[in-house]
Amino acid sequence: MKKIMLGNEAYAQGAYEGGVNVVSSYPGTPSTEVTENIVKYDEVYAEWAPNEKVALEVAAGACYGGARALCCMKHVGLNVAADPLFTASYTGVNGGLVILVADDPGMHSSQNEQDSRFYARSSHVPMLEPADSMEAKEFMKYAFSLSERFDTPVLLRSNTRISHSRGIVETGEREQAPLKDYQKDIKKYVMMPGMAKARHIVVEQRTKDLEAFAEECELNRAEYLGGEIGVITSGTCYNYVKEALPNASVLKLGMVYPLPKKMISEFASKVKTLYVIEELEPFFENQVRVMGIPVSGKELFTVQGEYSVNMIKEKICGETCTPVKTEALPMRPPVLCPGCPHRAVYYMFNKLKLTAMGDIGCYTLGAGAPLSAIDTTLCMGASIGMAHGMEKARGEDFARKLVSVIGDSTFMHSGITGLVNMLYNGATSTVMILDNSTTGMTGHQDHATTGKNAKGEPAPSVNIEKLVETIGVKHVRVLDPFDLPELEKALREETQREELSVIITRRPCVLIDRASIKEALCVSDECRNCGVCMKLGCPAIVKGENKVDIDASLCIGCGLCADVCPFHAIGGAAE
């Protein structure tokens, strides 16, 4: 049967057809929908783990136990999972183990442009990279068999365009992959130094075997169309190259590590001019140059952002395509949604002139004008550790105006250990946990505190305040962020304490709590156009010539603007 599938749907279909038994992931754009689609298959156990490290450890345990296992994450998530990855390369597998990692050239939803191919090389783990939805499905199936054939984890690299583009996929039946026998094997699975030294030798031999296999791997293919121009490429760039250079010979690499050196040398010998076209880092290019093969690449193409058909035509052919004329669209910067419970917190930060260490999630948007409430954002869970470091650098007096802000999902991901560190090492600043009862930025996935599992079924719920109290924090307050007087009181009191304190603001994301939506508000003639409500940064509030207006199509009636209006000019339902 043929279907039009999102790349991430196709990955899920491939995992299902490939006989996957256990899936453990952490949501991260652009990889999230893979696991969201896998949960639809009753034959597969799938879960959201607290973070990527735990997810890969679960998948590793499942594969050691004889099951085929999959772990999905975005590129920065692989940093978190690197610890088990590198050692799982030494242990090898029992059932097949596949790690899907989705890179994000152009940083559509990420804090950096990271090239995950280097993880494959550093960990001595093979990596595959598909170019469309059909290949996404097939490469996933291939990865499981490759994993078991060579006793290795396999990295499957996606990116934003492959994950979030649609293509025709021919679906098939599920392969029955029986649970393999488990046998205790200390020399293989216990990575103490003595055993690890022996396994390192195994890894090096496996790499040589994979290099030989790459030469005959059906995922690598040379498409000869002439001897003038040859291009080495993979993934999304393959599609761009085929459209931009229809007469060029192309070496399409589906197995991007290790590289087929003999195949590359043979291909290079048959073309007059050789190019490497790859997004992000010169991963292929540098290896081709080490082989002594003349090649052009990053001197023509950028290491930043995504490529395009027009870019390739311009750089190689000197052809500049005339862009299609369209009407100029207004700028639409990302903002917190109307009715977002985080908005009140950031408004109060500004009112009290607090320094805020930020984190990764919807609430990161509090850094944008006019809120401009966030001072730093580094990585998942970093806000708490950074606040601790800031206090140790600048002293306890500075801590009286210092807060760290983190979401409920991010706190479970990697914030808990930072809070333990603050307590243990005598921090005195205030931690704000913004509990909106979901993993909002990646599309409202459940997590350990929401009371539901990945399939939406009832599950035990971690009580954040009891957890915080149990580790030893004495001062813990829970409040509704839309109760502005209580929020202001709590912030004033807790930041002045000379002990560590935690404030938990709890109100569900408006996009999952539809019952909280009320009629749109309106602005009366009492408005003095003072601009106080504009400081909230709500997209429903528009500054007019004589007074502000409220866009009834956006307003959800949360009432925050009415609470901050000094002239009581906002209220009632719009006509």
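Residues numbered from 1 in each chain as written. Predicted model: local features only at pLDDT ≥ 70, side-chain atom pairs only at ≥ 80, totals over all residues. Heavy atoms only, no water.

Asker: For this particular structure, what's the right way to read the overall build of the protein?
Answerer: Of the regular secondary structure elements, the protein holds 20 helices and 22 strands. Relative to its full complement of 575 residues, the protein shows a buried share of 54%. For the protein, long-range pairs separated by at least 24 residues make up 74% of all intrachain contacts whose partners lie at least 6 apart in sequence. Accessible surface, the protein: about 25,200 Å² in total, of which carbon and sulfur atoms supply 53%. (Helix = DSSP H or I, 4+ residues; strand = E, 2+ residues; numbered from the N terminus. Buried < 20%, exposed > 50% of the residue type's maximum accessible area, 1.4 Å probe, protein only. Contact = heavy atoms within 4.5 Å. Areas by Shrake-Rupley, 256 points an atom, 1.4 Å probe, with all protein chains shown as cover.)

Asker: Please clarify how helix 1 (residues 7-17) should be interpreted in this entry.
Answerer: The periodicity of an α-helix, 3.6 residues per turn, causes residues three or four places apart in sequence to face the same way. Counting buried positions along helix 1 yields 10 of 11 residues, so the element is predominantly enclosed. Turning to helix 1, its buried residues number three or more, namely Gly7, Asn8, Ala10, Tyr11, Ala12, Gln13, Gly14, Ala15, Tyr16 and Glu17. Where helix 1 ends, the next residue or the one after it, glycine 19, has phi of about 85°, a positive value.

Asker: Help me understand the packing of helix 4 (residues 75-91) against helix 9 (residues 193-216) in this model?
Answerer: Axis angle and axis distance: for two packed helices, these are the angle between their axes and the distance between the axes, and together they describe the pair. Contact geometry of helix 4 with helix 9 gives a least axis separation of 8 Å together with a crossing angle of 80°. When the axes of helix 4 and helix 9 are compared, the pair comes out roughly perpendicular. Together, Ser89, Tyr90 and Thr91 of helix 4 and Ala196, Arg199, His200, Val203 and Arg206 of helix 9 make up the contact between the two elements. Its residues assigned to classes, the contact of helix 4 with helix 9 comprises 3 nonpolar, 3 polar and 2 charged. (Axes fitted to C-alpha atoms, helices over the stretch in contact; angles between N-to-C directions. Parallel < 35°, antiparallel > 145°, perpendicular 65-115°, else oblique. Nonpolar A, V, L, I, M, F, W, Y, C, P; charged D, E, K, R; others polar.)

Asker: Would you take a moment to explain the sheet that holds strand 18 (residues 501-506) for this structure?
Answerer: Strand order in this open sheet of 5 strands is 14-15-16-18-17, and the pairing throughout is parallel. In this open sheet, the two edge strands, each paired with only one partner strand, are strand 14 (355-357) and strand 17 (475-479). Averaged over all neighbouring strand pairs, the angle between strand axes comes to 25°, with direction disregarded. With 6 bridges joining them, strand 16 (residues 430-435) and strand 18 adopt parallel strand pairing. Bridge pairing in strand 18 links threonine 430 to serine 501. Relative to strand 15 (residues 402-407), helix 15 (residues 382-394) is tilted by about 170°, and along the sheet it contacts strand 14, strand 15 and strand 16. Against the sheet, helix 19 (residues 484-496) contacts strand 15, strand 16, strand 17 and strand 18, and its axis sits at roughly 170° relative to strand 17. (Pairing = 2+ DSSP bridges.)

Asker: Please explain the nonpolar core as it appears in this structure.
Answerer: If you look at soluble globular proteins, the nonpolar side chains tend to sit buried side by side. Counting 61 residues, the largest nonpolar core has Tyr346, Phe349, Met432 and Leu491 as the members making the most contacts within it. It is helix 14 (residues 342-352) that provides the largest number of residues to this core, a total of 7 residues. Leaving out residues up to four positions away in the same chain, methionine 432 has contacts with Val345, Phe349, Val403, Ser404, Val405, Ile406, Leu487, Leu491, Ile503 and Thr505. Leu56, Cys71, Ala82 and Ile264 belong to the second-largest nonpolar core, a separate cluster that totals 46 residues. (Core = buried A, V, L, I, M, F, W, Y, C linked by side-chain atoms within 4.5 Å.)

Asker: Sorry if this is basic, but what is going on with empty space enclosed by the protein here?
Answerer: Over the atoms rolls a probe the size of a water molecule, and in doing so it shows where empty space is left. If you walk through the whole model with that rule in mind, you get 3 cavities of 30 Å³ or more. Within this model, the largest cavity holds a volume of roughly 110 Å³. As for the largest cavity, its lining consists of 16 residues, and the residues nearest its centre are Gly339, Cys538, Ile541, Cys558 and Cys561. Split into classes, the residues belonging to the lining of the largest cavity amount to 12 nonpolar, 3 polar and 1 charged. (1 Å grid on protein atoms, 1.4 Å probe; cavity = no way out; pocket = protein on both sides within 12 Å on 5 of 7 lines; lining within 4 Å. Points joined across faces, edges and corners; volume = space filled by probe spheres on them.)

Asker: Honestly, a nonpolar patch on the surface in this entry has me stumped. Any pointers?
Answerer: Taken together, the side chains of Ile186, Val190 and Met192 make up a nonpolar region of the molecular surface, amounting to roughly 250 Å² of accessible area. Here isoleucine 186 lies in helix 8 (residues 186-189). (Patch = residues over 30% accessible without salt bridge, like charges linked within 9 Å, V, L, I, M, F, W, Y side chains within 5 Å. Salt bridge = Lys/Arg side-chain N within 4 Å of Asp/Glu carboxyl O.)

Asker: How should I be thinking about the layout of surface pockets in this particular structure?
Answerer: Each pocket or cavity is described by its volume, and for the second largest pocket that value is around 270 Å³. Along the walls of the second largest pocket sit 18 residues, with Trp48, His447, Ala448, Lys452 and Asn453 positioned nearest its centre. For the lining of the second largest pocket, the elements supplying multiple residues, two or more each, are strand 3 (45-48) and helix 17 (408-424). Split into classes, the residues belonging to the lining of the second largest pocket amount to 10 nonpolar, 5 polar and 3 charged.

Asker: Help me understand the sheet that holds strand 7 (residues 154-159) in this model?
Answerer: The strand order across the open sheet built from 7 strands is 3-2-4-5-7-6-12, with neighbouring strands paired in mixed fashion. Single-partner strands in this sheet number two, and they are strand 3 and strand 12 (255-257). With 6 bridges joining them, strand 5 (residues 97-103) and strand 7 adopt parallel strand pairing. Its bridge partner lying in strand 7, isoleucine 99 is registered against leucine 155.

Asker: Would you mind going over the pairing of strand 13 (residues 273-277) with me for this structure?
Answerer: In regular strands, side chains alternate between the two faces of the sheet. Of all 5 residues that make up strand 13, 4 are buried, and the element is covered over most of its length. The pairing of strand 10 (residues 229-233) with strand 13 spans 5 bridges and is parallel. Looking across to strand 13, one finds that glycine 230 is bridged to leucine 274.

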